[in-house]
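Each chain, letter by letter, is given below.
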There are 2 protein chains.
Amino acid sequence: MEALTPAARRVLDSAAELFYGHGINAVGVDLIAKHAGVTKKTLYERFGSKEALISAYLRERDERWRAWLTAQVDAAPPQDRILATFDALAAWMRRENPRGCGFVNAAAELPDADHPARAVIADQKHWLRGYLRELCEEAGASEADDLADELLLLHEGATVLNGLSALADPVAVSRRMALAALERAGL
Amino acid sequence: MEALTPAARRVLDSAAELFYGHGINAVGVDLIAKHAGVTKKTLYERFGSKEALISAYLRERDERWRAWLTAQVDAAPPQDRILATFDALAAWMRRENPRGCGFVNAAAELPDADHPARAVIADQKHWLRGYLRELCEEAGASEADDLADELLLLHEGATVLNGLSALADPVAVSRRMALAALERAGL
DNA sequence: AGAGGAGTAAACAGATCGGTATACCCGACC
DNA sequence: GGTCGGGTATACCGATCTGTTTACTCCTCT
């Protein structure tokens, strides 16, 4: 991660807060610049375009999530690592996800498959699936691929429902289904 | 459903196609009017505001989904009705959901909790959960509430992943997990 | 002492936003 | 044979959109 200038740092923080909180298309660069205490000139010098700023926002959100998830999993006892991903998700959502998955929300606003941010979104989901697969293999699952698919679906379901207040505690539901899936897989 | 004038019908159809395909905030009323072969005056006379048009779009999408789901479930043999909801979802998504759940996407773009369309979105999720709960009760589940939570989460997970092409066949994954959940509930 | 990077302030461009206004047309009903 | 609902066409409103430009200041590193 190439170090950002102080102004660029504030721009990216403001973009993250505003994009996630109000939606990408609902937030203009004028507002971001004003919120960051920066002129548009500085914003464009540092990031080049709104498109690139969106990508940077998603990339950094992904980095934060990965760091949080792996740290929580690493801190869990070996036999609990898979379930620990759901505890990590619950804690993350309490702090950072009142409006659902930032990547799913971004995808909803960026229908163009060629938009550079779409690659960041796809990356996020593929990384998570790969990570879950690794954890399944380490746990000795015989069908790690299938189990990883199931765990990913539980993660996504819980994340999206968390933003819709349709269920009281979606992560608890997904965690208990994950436990059942692990038992079914003989773990 | 109060009958729409022909022009209003075209407006609503155009709005549905454009809102779902490109995102709500990315589509202006000028574009909708042009796509429908209608002037903005007509659009505003029939719907009053973009806000109301968004609500009407979501309401009709919800109606179509409910009609489709209940018809498919009714056509299934009694012991297969719960799993039939996943088959109905699979068929629906093949035709109508290449970009994920229209309601989740709309929620991503409408952060304001007071927006009238938010009530339509909440309605859609609550109705589905209630419907799944009914099916669970009819099937004789002892813990219909918990089972309905799990099935709803599987539905949402499959729907959102379907729009992200992170898994090859998310509905198949959720259907197989639903089957496991039913077995675990003794059904 | 001087150069260059990082920043501010403010105006501008062309397009589009949601929404309104004026003026006209046509076919069905009474 | 008018009246009126539903519709068309076109122009306009102020605001906001992404992005650019010009002119200037401050700080740090050599």
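Since we're looking at a predicted model, the values are computed, not measured.

Rules used in this analysis
Residues numbered from 1 in each chain as written. Chains lettered and ligands numbered in written order. Predicted model: local features only at pLDDT ≥ 70, side-chain atom pairs only at ≥ 80, totals over all residues. Heavy atoms only, no water. Domains from an automatic or database assignment. Contact = heavy atoms within 4.5 Å. Buried area = accessible area lost by both parts, 1.4 Å probe. Salt bridge = Lys/Arg side-chain N within 4 Å of Asp/Glu carboxyl O. Polar contact = N/O pair within 3.5 Å; in protein donor to acceptor, adjacent residues only side chain to side chain. Helix = DSSP H or I, 4+ residues; strand = E, 2+ residues; numbered from the N terminus. Nonpolar A, V, L, I, M, F, W, Y, C, P; charged D, E, K, R; others polar. Least-squares fit on C-alpha atoms with pLDDT ≥ 70 in both. Expected span 1.5 Å × (residues − 1). Buried < 20%, exposed > 50% of the residue type's maximum accessible area, 1.4 Å probe, protein only. Core = buried A, V, L, I, M, F, W, Y, C linked by side-chain atoms within 4.5 Å. Axes fitted to C-alpha atoms, helices over the stretch in contact; angles between N-to-C directions. Left-handed = near helix turned anticlockwise from the far one by under 90°. Near = heavy atom within 4 Å.

Draft legend 1. Looking closely at the domain arrangement of chain A. Residues and elements named next belong to chain A. Under the domain assignment used here, chain A contains domain 1 (1-48) and domain 2 (51-184). Using only C-alpha atoms to locate each centre, domain 1 and domain 2 end up separated by 26 Å. Tallying the contact residues gives 18 residues for domain 1 and 19 residues for domain 2. Taking both sides of the interface into account, the surface hidden between domain 1 and domain 2 amounts to around 1400 Å²; carbon and sulfur atoms contribute 64%. Measuring nitrogen to oxygen at the nearest pair gives 2.6 Å for the salt bridge that ties Arg9 to Glu60. Taken together, domain 1 and domain 2 are joined by six residue pairs in polar contact (both at pLDDT 80 or more). Those elements that provide at least two residues to the side of domain 1 that touches domain 2 are helix H1 (6-22) and helix H3 (40-47). Sorting elements by how many residues they give to the side of domain 1 that touches domain 2 places H1 first, with ten residues. For the side of domain 1 that touches domain 2, a count of residues per class yields twelve nonpolar, four polar and two charged.

Draft legend 2. A look at the relation of the copies chain B and chain A. Superposing chain B onto chain A takes a rotation of 180° combined with a translation of 0.0 Å along the rotation axis, leaving an RMSD of 0.1 Å. Put plainly, the chains are arranged around a two-fold axis. Across chain B, the smallest distance between a C-alpha and the rotation axis is recorded for Gly157(B), namely 1.9 Å.

Draft legend 3. Quick look at helix H8 (residues 144-162) of chain B. The end-to-end C-alpha distance of H8(B) is 27 Å, a good match for the 27 Å that 19 residues give at a rise of 1.5 Å each. Here H8(B) lies mainly inside the structure; 16 of its 19 residues are buried.

Draft legend 4. Representation of the nonpolar core in the model. Formed by 68 residues in total, the largest nonpolar core has its most connected members in Leu151(A), Leu154(A), Leu151(B) and Leu154(B). Not counting residues up to four positions away in its chain, the partners in contact with Leu154(B) are Leu153(A), Leu154(A), Met177(A), Phe86(B), Ser174(B), Met177(B) and Ala178(B). With 66 residues, the next largest nonpolar core counts Ile32(A), Ala117(A), Phe47(B) and Ile121(B) among its residues.

Draft legend 5. Region of the structure containing the side chain of Thr159(B). Residue and element names in this part refer to chain B. Assignment of secondary structure puts Thr159 in helix H8. We classify Thr159 as buried; its relative accessible area is 7%. Once you skip the residues sitting within four places of it in the chain, Thr159 turns out to touch Leu89, Met93, Asn97, Gly100 and Cys101.

Draft legend 6. Focus on the interface of chain B and chain A. At the interface, 41 residues of chain B touch 40 residues of chain A. Between chain B and chain A, the buried area comes to about 3200 Å², and carbon and sulfur atoms account for 70% of it. Ranking the residues of chain B by area buried against chain A places Leu153(B), Leu164(B) and Met177(B) at the top, with a combined share of 19%. The interface formed by chain B and chain A holds two salt bridges in total. With a closest N to O distance of 2.8 Å, Glu150(B) and Arg176(A) form a salt bridge.

Draft legend 7. Spatial organisation of the packing of helix H6 (residues 102-109) of chain B against helix H7 (residues 116-138) of chain B. All names here are of chain B. Running from amino to carboxyl end, H6 crosses H7 at an angle of 145°, the nearest separation of the two axes being 10 Å. Crossing handedness for the pair H6 and H7: left-handed. Contacts from Phe103, Val104, Ala106 and Ala107 in H6 reach Arg118, Ile121, Gln124 and Lys125 in H7. The residue inventory of the contact of H6 with H7, partitioned by class, reads five nonpolar, one polar and two charged.

Draft legend 8. Inspection of the protein's contact with DNA strand C at higher detail. For DNA strand C, the set of nearby residues contains 19 residues, the closest of which are Ala7(A), Gly37(A), Val29(B), Lys40(B) and Lys50(B). Considering DNA strand C, the proportion of its atoms within 4 Å of the protein that are sugar or phosphate atoms stands at 52%. Within the side chain of Lys50(B), an N or O atom sits 2.6 Å from a phosphate oxygen of DNA strand C. Secondary structure elements with two or more residues in the surface near DNA strand C: H1 and H3 of chain A together with helix H2 (29-36) and helix H3 (40-47) of chain B. Of the residues in the surface near DNA strand C, the class split is six nonpolar, six polar and seven charged.

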